[in-house]
Every structure is written in structure tokens, then in C-alpha cells.
Amino acid sequence: MSKTILCLCHDVTAEDVRRAVAEGYTHPETIKRYTSAFMGPCQGRWCADLVMEAIAEELGRPVSELQPTSGRPPAYPVRMGPLAGRPSDESE
Amino acid sequence: MAVPGVTHHPLRSRYEVVIAGGGIQGIALAYELALMGVRDIAVVEARWPGAGGTGRNGEMIRSAFASEEWARLFDFSLRRWGELSAELDFNTLFTTAGYVVVATTADEVAMLRDQLPVHDRLGVRSEWLDAADLQELLPAAAPDLLTGGVLQPHAGFAHHDATLWAYARAASRRGVEIHAQAPVEAVDVADGRVRGVIVRGQRISTPVVVNATGAFAREVAAMAGVELPTQRYLLEMIVTESLKPFLRPAVASLALMSYCHQTSRGEFVGGTEFKAANAYDDVVVTLEALRDIASKFVQLFPRIAGACLIRHWSGLVDKSPDLSPVLGPSPDVEGFFLDAGWTYGFMGAPGSARLLARWIVDGQPDPVIAPFGFERFASGKLISEAATVVPTEEAVEETQRDRA
């Protein structure tokens, strides 16, 4: 259980979610901020269903009753260079 | 409810102190008051603790400002930052990676150099860096922007949410009641004195109300009949995916009106300001700011042109006419205190909370906090702080004229 990874970007485990709820983070938005799930390069596109299910299980409520976290633009990651009107240099 | 320290109990009908606003200001103040032995303190937060500017700011911390008033207040705060994790029994992730303010033009160099005698006199630790020093400190930065700078090696950044949770948990352990989803709807004033507040339709009597409502401070002050000369102002920031470490200290650039740092997870976080009137009154994000942010940071750190931006968000600050916080009693309503007008509120909170708590309990201001009182608007003794990266009123008006 403790090694069940829910968020591949930041290695957030099922145990991390359980501990967050036990500490008093009981809203998906604050669980996001505490565990950093949803905050990696995938921005929740990969992990959201798994993390929300784990939160729902810990809270003993259906996923449909949970308020989702605030979505932030951009919808997909964008390179800084093109936004700045310059070519992106990927040589780094 | 949402974060540790928030109470599940209903609001009581009377408190000794009611603090409106559950951001870093309000909750740190509640903690400091409790530490001084004040009992029956309630924090009433309209949403959840940290939902406003506290969870949205750039997390950077310094005390090397140009004016004596700011340098003293923020240096006191910087010292508090070093104590917090141990004192609050919670890691705020305060990191003394350094904070450097960079000048590009001759005028900026002169302005920054002028600070150094002030810092020396006040015992504020800072050092001058020339172009070669800066290139060594910031190897990834464009050398043409690095003419000179002021470094504080013991300043840096912290985690904004962790700091709030640390204070909230410590305050609740000392008996402070933190109520979420509890907006102040009215302030009851009679015969020039605060009598209570209305929260969720319920009347609560209290002799002391503190207005720590961030971007909503003007409206909440108006409920008490106090005219607060502040204005909501939108700031926008971005974060990239995690990158190989390339930037150690926090950096503010005067020429680019920007500030940034790289987190311990490797994300590059930053925001910029531009000389434009800010027409937005809500937490929106704009393409204009996004382009400004991307172009300035690609100019400062050319290598991040290939980095992916993953989030763009905004927050609101409460801008006063001299950009300085408005702290202490309000002029005409006894018992109604202000903890408002903050644009550098995250870094200032640990210091101001302690000094404001003393002011409320003792009835007299410490000399470090006294210049930030409300009466400066009547006396005309406004604070002149030059080393901020926020557009001045003149710059904003100039742009408005240009646009018109």
C-alpha cells in the first residue's frame, strides 16, 4: 500500500494521501498543495482520477461529491521561447 | 475543513479579538496574540486559510530595501523567518539560498548603491556585487543585464502554503479558533467603538476587530466606516516544469521589473510587472502578462526558452498610495485595527504580526512599526521606498495617459 504510486510526476503514494487526510487536509485543493499531486508536468491529466479516488476513499465520500482542484492554464505545457516570440532552444 | 488547525466548532457569541481574514497576516497575528497570553481569539476566513494572496505569491524573502522604514521592518521579519520552523514545529522550507537585486542601468546602480550606507547604519546584512561577482553567482543569466547588485546571502525563499499551515496549526494548539467559510458581512460600530461583527448572519460581540482581509481590506474597512486608501491590484506568475538546478538565489531585476527563483524541486517560478494600469479586479490571467513574463525571463535566462511552462496564475494585492502596508489602529473607530495595504505581505508577515500584536496589547507602537500607521495619510508623511519592483502611481498614470 505504502508503495502504491498515484502520481508519477512527483511520486505521490496512496500512503501520502492517507497521511494528508489524517493531518487535516481534507479538500482536494489543499491535498494537492500538501502532496504536490496534480502539480507536476502532467498537471493531473495522468493522475487525477487515481488521486481523487484515493481522496474519496479516505474521506468516505463518493468522488462525485468532491470539488475538483483549480485548473490552471495553459491546457498543455507550452515552451517559454515561442511565448517570448523566440525559437525554443532545446540544446540545453 | 481543508487545512490543519481549522475548527469544526460553531462560532461563539463573544470573543476578545476577531481577526477578519485567514491569510498569513491574520493567522500569524492570531498566533502572536495567543503567545502574548490573549485568550478567546477567532480568525474568520471567507473561504479557506491561504485561498487568497498567501497561496499565490512568489515566496521570496529579503530585507535589503532602500528606505529605513522598510529595511527595519523587513529585517525584523527576516530574523523571525529564521526561527519559525523550529518554533512552530513545522518545516516552512525557508531556504537561505540568498536574494539578489540586480541593477542594469547607471540609474539603477546608483539607486541600489545608495542603500548600502542605510543597511550599514541599521545593521542590515547586505553586500555589493559588481558585474564579475554577479556573473559568478548567476552563471545562467545574460551578462548584459548584470551591471551591479545587492546580495543578502542569508535571505531567500520559503514555501507559502507550508508557512501558513505552520502558523495555523501552532495557533490552534494555543487555543485560537480558525473558522473557514466564515466571511465578515458587517462590522458593528457604535459611539466610535467596535462592538462586534456579523459573520454568516450571526452576531458576534468583540471589543477588537482586525482587518487582515488582503485584497478585500478596503471593503471590510468601509463596513466600519473607515475609508482605507488602498486599491486591488492584479499580479501574475508562472511556473515551469522541473529543470536541472541552474539558479541558486532568489533574483529581482529592476530593469525587467521581475522576480524569480528556482524551487528545491527544480521548478522555475517567477512574475513580472509592467507599467500598465491594471483593469482587472478578479483573479484572471492575461495573455499580455504571459508574453511579458516569457519574454523577460527568456531574456534574463536564455536557456529557459526550451523549458515548458506548466501553470500560470494570478493573485490580488492591496496597494496603498506609497505601496507600504497600513498597520495599527484606525483613526476614528476605537478597537478597529488594520493589517492591510500589503504588496510584500508574505515576507513581511512574521515580523509585522509580532509587532502588531504588541501594538494591540500594549496600546503603543514599537518604533519599527510606528511609521506604517494610518495617520501618515493625514500628516503627509508617506514612506518613500524605491527598491520595489512594483510600478509607482506615476508610472501607472503615465501609461494610462499614453493609452488614452
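Residues numbered from 1 in each chain as written. Chains lettered and ligands numbered in written order. Predicted model: local features only at pLDDT ≥ 70, side-chain atom pairs only at ≥ 80, totals over all residues. Heavy atoms only, no water.

Undergrad: Provide a residue-level description of the overall build of chain B, including the pertinent values.
TA: A tally of regular secondary structure across chain B gives 10 helices and 19 strands. Against the globule reference of 22 Å for 404 residues, chain B gives a C-alpha radius of gyration of 21 Å, in line with a compact fold. Projected onto its principal axes, the C-alpha coordinates of chain B cover approximately 60 × 45 × 45 Å. A fraction of 75% describes how many contacts in chain B between residues 6 or more apart in sequence connect residues 24 or more apart. A total accessible area of about 15000 Å² is found for chain B, and carbon and sulfur atoms account for 50% of it. The centroid of the 36 positive side-chain charges in chain B is displaced by 5 Å from the centroid of its 49 negative side-chain charges. (Helix = DSSP H or I, 4+ residues; strand = E, 2+ residues; numbered from the N terminus. Rg over C-alpha atoms; globule rule 2.2 N^0.38 Å. Contact = heavy atoms within 4.5 Å. Areas by Shrake-Rupley, 256 points an atom, 1.4 Å probe, with all protein chains shown as cover. Lys, Arg positive; Asp, Glu negative; His and termini not counted. Charge placed at Lys NZ, Arg CZ, Asp CG, Glu CD.)

Undergrad: Which residues make up the overall build of chain A, and what values go with them?
TA: Assigned secondary structure in chain A consists of four helices and three strands. Written out in order from the N terminus, the α and β elements of chain A read β-β-α-α-α-β-α. Scaling as 2.2 N^0.38, a compact globule of 92 residues should have a C-alpha radius of gyration of about 12 Å, whereas chain A reaches 16 Å, well beyond that. Across its three principal directions, the C-alpha atoms of chain A cover 50 × 25 × 20 Å. The buried share among the 92 residues of chain A stands at 45%. Expressed as a percentage of contacts within chain A between residues at least 6 apart in sequence, the contacts between residues at least 24 apart total 46%. Just so you have it, chain A exposes about 5000 Å², and 51% of that area is on carbon and sulfur atoms. Across chain A, the mean location of the 10 positive side-chain charges is 6 Å away from that of the 13 negative side-chain charges. (Buried < 20%, exposed > 50% of the residue type's maximum accessible area, 1.4 Å probe, protein only.)

Undergrad: Describe the interface of chain A and chain B, and please don't skip the residues or the numbers.
TA: Interface size is commonly expressed as the accessible surface area that is lost when the partners come together. Contacts between the two partners involve 31 residues from chain A and, on the opposite side, 36 residues from chain B. Taken over both partners, the interface formed by chain A and chain B buries close to 2900 Å², and the fraction arising from carbon and sulfur atoms is 60%. In this assembly, chain A and chain B are joined by one salt bridge. Its salt-bridge partner being A:R33, residue B:D161 comes within 3.0 Å of it at the nearest N-O pair. Seen at the junction of chain A and chain B, the total is 11 residue pairs in polar contact (both at pLDDT 80 or more). Mapped onto the side of chain A that touches chain B, the elements with two or more residues apiece are α2 (28-35), β3 (78-79) and α4 (80-83) of chain A. Across the side of chain A that touches chain B, the residue classes break down as 13 nonpolar, 10 polar and eight charged. Of the pairings in the sheet, the one linking β3(A) to strand β17 (residues 308-319) of chain B comprises two bridges and is antiparallel in character. Among the inter-strand pairings, A:R79 is bridged to a residue of β17(B), identified as B:C308. (Buried area = accessible area lost by both parts, 1.4 Å probe. Salt bridge = Lys/Arg side-chain N within 4 Å of Asp/Glu carboxyl O. Polar contact = N/O pair within 3.5 Å; in protein donor to acceptor, adjacent residues only side chain to side chain. Nonpolar A, V, L, I, M, F, W, Y, C, P; charged D, E, K, R; others polar. Pairing = 2+ DSSP bridges.)

Undergrad: Describe the domain arrangement of chain B, listing the residues and the values that go with them.
TA: Residue and element names in this part refer to chain B. Each assigned domain of chain B is listed with its residue range as follows: domain 1 (17-55 + 161-230 + 322-379) and domain 2 (95-157 + 231-319). Computed from C-alpha atoms alone, the centre-to-centre distance between domain 1 and domain 2 is 29 Å. Across the contact, 14 residues belong to domain 1 and six residues belong to domain 2. Between domain 1 and domain 2 the total buried area reaches about 880 Å² when both faces are included, carbon and sulfur atoms providing 55% of it. At the boundary of domain 1 and domain 2, one finds one salt bridge. Residue E219 pairs with R232 through a salt bridge whose shortest N-O separation is 2.8 Å. Tallied by class, residues from the side of domain 1 that touches domain 2 come to eight nonpolar, five polar and one charged. (Domains from an automatic or database assignment.)

Undergrad: Mind laying out the pattern of salt bridges, listing which residues take part and the relevant values?
TA: Residue and element names in this part refer to chain B. Tallying each qualifying case throughout the model produces 26 salt bridges over all chains. E68 is paired through a salt bridge with R72; the nearest N and O atoms lie 3.8 Å apart. A residue pair is termed a helical-turn pair when its members lie 3 or 4 positions apart in one helix, as E68 and R72 do in helix α2 (residues 68-88) at four residues. Since its relative accessible area comes to 32%, R72 is described here as partly exposed. Here E334 and R193 are joined by a salt bridge, their closest N and O atoms 2.8 Å apart. Of this pair, E334 sits in the loop between β18 (326-329) and β19 (336-340) while R193 sits in strand β10 (residues 193-199), and the two are 141 residues apart along the sequence.

Undergrad: Describe in detail the nonpolar core, supporting the description with residues and values.
TA: All names here are of chain B. In this structure, I19, L33 and I41 are the most contacted members of the largest nonpolar core, which totals 105 residues. Examining the composition of this core, we find that nine residues originate from one element, helix α8 (residues 345-362), more than from any other. Summarising the domain contributions, this core has at least three residues from each of domain 1 (17-55 + 161-230 + 322-379) and domain 2 (95-157 + 231-319). In terms of nonpolar packing, the next biggest core, distinct from the first, is built from 33 residues, L129, A141, L145 and A294 among them. (Core = buried A, V, L, I, M, F, W, Y, C linked by side-chain atoms within 4.5 Å.)

Undergrad: Which residues make up the environment of B:N211, and what are the values?
TA: All names here are of chain B. Of note, N211 is situated in strand β12 (residues 208-211). On the basis of relative accessible area, N211 is assigned to the buried category, the value being 0%. Residues in contact with N211, not counting those within four places in the same chain, are A20, A217, V220, A221, F336, F337, L338, D339 and A340. Within the structure, N211 has its side chain in polar contact with the side chain of T213 (distance 2.6 Å).

Undergrad: Lay out the sheet that holds β12(B) in plain terms, naming residues and giving numbers.
TA: Residue and element names in this part refer to chain B. Spatial ordering of the open sheet is given by β8-β2-β1-β12-β19-β18, a layout of six strands whose pairing is mixed. Looking at the sheet topology across the chains shown, the edges are occupied by β8 (177-179) and β18. If you compare each strand with its neighbour and ignore which way they point, the axes differ by 15 degrees on average. Pairing geometry for β18 and β19, over four bridges, is antiparallel. Each bridged residue has a counterpart across the sheet, and for V326 the counterpart in β19 is A340. Sheet strands touched by α8: β12, β18 and β19. Its angle to β18, the strand with the most contacts, is close to 20 degrees. (Axes fitted to C-alpha atoms, helices over the stretch in contact; angles between N-to-C directions.)

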